[in-house]
Amino acid sequence: MDRIVVLGGYGAVGREAATALAEWFPGAVVVAGRDLAKARTVPGAVPLQVDLRDDADLERAVDGADTVLMCVEQDNVRVAEACLERGVHYLDLSASHELLAAIEQLNGLAVQRSATAVLSVGLAPGVTNLLARHCAEQAGGTEVRIGVLLGAGERYGPASIEWTLDGFAAIGPSSRMRFPPPYGTRTVHRFPFSDQYTLAGAYGIDRATTGLCLDSRALTALLAAARRTGATRLLRRPRVRAAALAALMRVHVGSEGFAVTATAGTFTASFSGHRQRRATGLTAALLIRRLDALPAGVRHIDQVVEPVEFLSELSKHGFDLDLGTADDEPAHYDAE
Ligand SMILES: NC(=O)c1ccc[n+]([C@@H]2O[C@H](COP(=O)([O-])OP(=O)(O)OC[C@H]3O[C@@H](n4cnc5c(N)ncnc54)[C@H](OP(=O)(O)O)[C@@H]3O)[C@@H](O)[C@H]2O)c1
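How each quantity is defined
- Residues numbered from 1 in each chain as written.
- Predicted model: local features only at pLDDT ≥ 70, side-chain atom pairs only at ≥ 80, totals over all residues.
- Heavy atoms only, no water.
- Helix = DSSP H or I, 4+ residues; strand = E, 2+ residues; numbered from the N terminus.
- Rg over C-alpha atoms; globule rule 2.2 N^0.38 Å.
- Buried < 20%, exposed > 50% of the residue type's maximum accessible area, 1.4 Å probe, protein only.
- Contact = heavy atoms within 4.5 Å.
- Areas by Shrake-Rupley, 256 points an atom, 1.4 Å probe, with all protein chains shown as cover.
- Lys, Arg positive; Asp, Glu negative; His and termini not counted.
- Charge placed at Lys NZ, Arg CZ, Asp CG, Glu CD.
- Expected span 1.5 Å × (residues − 1).
- Near = heavy atom within 4 Å.
- Polar contact = N/O pair within 3.5 Å; in protein donor to acceptor, adjacent residues only side chain to side chain.
- Nonpolar A, V, L, I, M, F, W, Y, C, P; charged D, E, K, R; others polar.
- Pairing = 2+ DSSP bridges.
- Arc of directions from axis to C-beta.
- Axes fitted to C-alpha atoms, helices over the stretch in contact; angles between N-to-C directions.
- pLDDT = per-residue confidence, 0-100.
- Core = buried A, V, L, I, M, F, W, Y, C linked by side-chain atoms within 4.5 Å.
- Phe/Tyr/Trp six-rings, centres within 6.5 Å; stacked < 30°, edge-to-face > 60°.
- Lys NZ or Arg CZ within 6 Å of the ring centre and 35° of its normal.

*Asks:* I'm lost on the overall build of the protein in this one. Help?
*Replies:* Helices and strands together make up the secondary structure of the protein, namely 14 helices and 14 strands. Since a compact globule built from 336 residues should have a radius of gyration of about 20 Å, the 19 Å found for the protein is in line with a globular shape. In terms of its C-alpha atoms, the protein occupies a principal-axis envelope of roughly 55 × 45 × 35 Å. Counting only residues that meet the buried cut, the protein has 54% of its 336 residues in that class. A sequence separation of at least 24 residues applies to 69% of the contacts in the protein between residues at least 6 apart. Summed over all atoms, the accessible surface of the protein reaches about 14,100 Å², with 50% contributed by carbon and sulfur. Side-chain charges of the protein comprise 34 positive and 39 negative groups, with the mean position of each set lying 8 Å from the other.

*Asks:* How should I be thinking about helix α12 (residues 276–290) in this particular structure?
*Replies:* An α-helical segment advances 3.6 residues per turn. Residues three or four places apart therefore align on the same side. An ideal rise of 1.5 Å per residue puts 21 Å on 15 residues; α12 measures up with 21 Å between its terminal C-alpha atoms. A large share of α12 lies buried, amounting to 13 of its 15 residues.

*Asks:* Would you mind going over the site of the ligand with me for this structure?
*Replies:* The environment of the ligand is made up of 28 residues, and the closest members are Tyr-10, Val-13, Arg-34, Leu-123 and Ser-160. One nitrogen or oxygen atom from the main chain of Leu-52 is found 2.9 Å from a nitrogen atom belonging to the ligand. When isolated, the ligand has an accessible area of 910 Å², and the protein chains bury 89% of it. Going through the elements one at a time, α1 (12–24), α7 (123–139), α8 (158–168) and α12 are the ones with two or more residues in the shell around the ligand. Each residue belonging to the shell around the ligand can be placed in one class, and the counts come to 14 nonpolar, nine polar and five charged.

*Asks:* Hey, could you run me through the pairing of strand β11 (residues 257–264) in this one?
*Replies:* On any regular strand, side chains alternate: one points to one face of the sheet, the next to the other face. Along β11, eight of the eight residues are buried, which leaves the element largely enclosed by surrounding structure. Here β11 shows a buried face lined by Gly-257, Ala-259, Thr-261 and Thr-263 and a second buried face lined by Phe-258, Val-260, Ala-262 and Ala-264. Of the pairings in the sheet, the one linking strand β7 (residues 143–150) to β11 comprises seven bridges and is antiparallel in character. Bridging from a neighbouring strand, Ile-146 pairs with Ala-262 of β11.

*Asks:* Would you mind going over helix α10 (residues 217–229) with me for this structure?
*Replies:* Taking 1.5 Å of rise per residue, the 13 residues of α10 would be expected to cover 18 Å, and the 18 Å separating its terminal C-alpha atoms lies within 8% of that figure. Listed in full, the buried residues belonging to α10 are Thr-220, Leu-223, Ala-224 and Ala-226. Take α10 and look down its axis: the buried residues cluster within an arc of 155°, on one side only. Of the exposed residues in α10, the ones pointing more than 90 degrees away from its buried face are Ala-218, Leu-222, Arg-228 and Thr-229. Buried residues belonging to α10 abut α8, β9 (184–190) and β10 (207–214). Looking one or two residues beyond α10, the residue adopting positive phi is Gly-230, at roughly 80°.

*Asks:* Just to check I follow, could you spell out the pairing of strand β4 (residues 67–70) for this structure?
*Replies:* Burial along β4 is two-sided: the residues Thr-67 and Leu-69 and Val-68 and Met-70 are all buried. Summarising the sheet, strand β1 (residues 4–7) and β4 pair through four bridges and their orientation is parallel. Within β4, the position partnered with Ile-4 by the bridge is Thr-67. The pairing of β4 with strand β5 (residues 89–92) spans four bridges and is classified as parallel.

*Asks:* I tried to follow the sheet that holds β7 on my own but got confused; where do I start?
*Replies:* Sheet strands pair via backbone hydrogen bonds, and the direction of the pair is either parallel or antiparallel. Spatially, β8-β9-β10-β7-β11-β12-β14 is the arrangement adopted by the seven strands of the open sheet, whose pairing is mixed. The open sheet has two edge strands with one neighbour each: β8 (174–179) and β14 (320–322). Taking each pair of neighbouring strands and ignoring which way they run, the sheet shows an average axis angle of 25°.

*Asks:* What is the right way to read the sheet that holds β1 from this model?
*Replies:* One open sheet holds the seven strands; their spatial order is β3-β2-β1-β4-β5-β6-β13, and the pairing between them is parallel. Edge strands, defined here as strands with exactly one partner in the open sheet, are β3 (46–49) and β13 (297–300). Between one strand axis and the next, the sheet turns by 20° as a mean value, whatever way the strands run.

*Asks:* What is the right way to read the confidence of the model for the protein from this model?
*Replies:* A low pLDDT score tells you not to read the predicted coordinates there in detail. When pLDDT is averaged across the protein, the result is 91; 90% of the residues are at 70 or more. Residue range residues 330–336 is modelled with pLDDT below 50. Its contacts to residues more than four positions away, or to other chains, number 23 contacts.

*Asks:* Before we go on, may I ask you to explain the nonpolar core in this structure?
*Replies:* One broad rule of soluble globular proteins: the nonpolar side chains tend to lie buried together. Counting residues in each nonpolar core, the largest one holds 72 residues, and the members touching the most others are Leu-21, Leu-69, Phe-271 and Leu-287. If you tally residues by element for this core, the top one is α7, at eight residues. If we skip the residues at most four places from it in the chain, Leu-287 touches Leu-91, Val-118, Val-121, Ile-301, Val-304, Val-305 and Phe-310. Core analysis: the next-biggest nonpolar cluster, separate from the first, contains 30 residues, Leu-7, Val-30, Ala-32 and Leu-119 among them.

*Asks:* Can you help me understand the packing of aromatic side chains in this one?
*Replies:* The geometry of an aromatic ring pair is captured by two quantities: the separation of the ring centres and the angle between the planes. Scanning the entire structure with this criterion turns up six aromatic pairs. Ring centres of Phe-191 and Phe-193 lie 5.7 Å apart, and the angle between their planes is 50°; on these two criteria the pair is classed as tilted. Considered together, Phe-191 and Phe-193 belong to a single accessibility category, that of buried residues. Between Phe-258 and Phe-319 the ring centres are 5.9 Å apart and the planes differ by 55°, which places this aromatic pair in the tilted class. With Phe-258 in strand β11 and Phe-319 in the loop between α14 (307–315) and β14, the pair connects residues that are 61 residues apart, well separated along the chain. One aromatic cluster is present, built from ring pairs that chain together Trp-163, Phe-191 and Phe-193. Of note, Arg-289 hangs over the ring of Trp-24, and the distance from its end group to the ring centre comes to 4.0 Å.

Shown next as structure tokens:
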């Protein structure tokens, strides 16, 4: 590959992906964002100033690229279409179901132009899709539960925090899920990650749900209280939202650990480690290394790679993978 453009390539996740890609494809990686000085801070990459809201900027970024990795939530459908029209491969980190569903509609265009688009790229969605497929195939279960535990001490980028603040408005009922050591069984709150929607109907899965918790039990309890009292509605007010974003950018209480787990029947598998942004960026970079072998069209990660093989390769970068065994007892997940 001669030109891999990472849009949002100096953000929290984009930087991790661009750094790995610059090592694997020397001289081929372009890091793009609105601030040229920041784009220059990724070693081994070519900086490019781009504002995705501007048509001319978008064309300049996409023309001549082999692959575009989208690491920001900004006009994603328009960017995907610009790529696929030109026969440029496209990968998207977004966790927003409506946005991914709109990009799925570009499948005909992608096939016509012999381009591949991969969606559900990252940890959640991404690794969670692969764990869910693996569990469903092992257990033959019709219901899959996915749990996402995030470290409150991790430095999340503004785009991720904004997405999470939006998700608070749609936070659902709580349940219990078992995470790998040191976390144990935790209360998770249903959260609008896209994996639960795109997986339903595939691999014999009738119903999928995804729940979120933080490594800090106290903060997770605060989340639940905010939902119960309706405080999450306040986040729709621009001033409250801006203050929450600023506070979350500054405050880092807890660790940088993360864990994701999936359960079907009595079968549970998990993936865990430190710095979810690194796991997310590496997942994208590993997929780009495989792009030439993937078919044309728009697909989700679980439709283009084999879960055990891909997760085993990802885990070699310092993460823990538990491919699971069937327990005697079903995992605890009674609704609370
Ligand atoms: N699938 C997963 O597991 C997973 C995990 C984490 C995050 N994500 C997703 O990954 C994406 C990135 O998250 P993040 O935490 O890395 O965000 P971030 O740190 O805020 O990075 C966003 C990047 O996009 C750039 N950008 C913003 N607006 C732009 C515009 N109009 N034109 C060009 N560049 C623009 C930003 O730089 P400037 O502002 O300087 O332009 C920055 O480099 C989000 O969509 C998030 O939801 C997915």
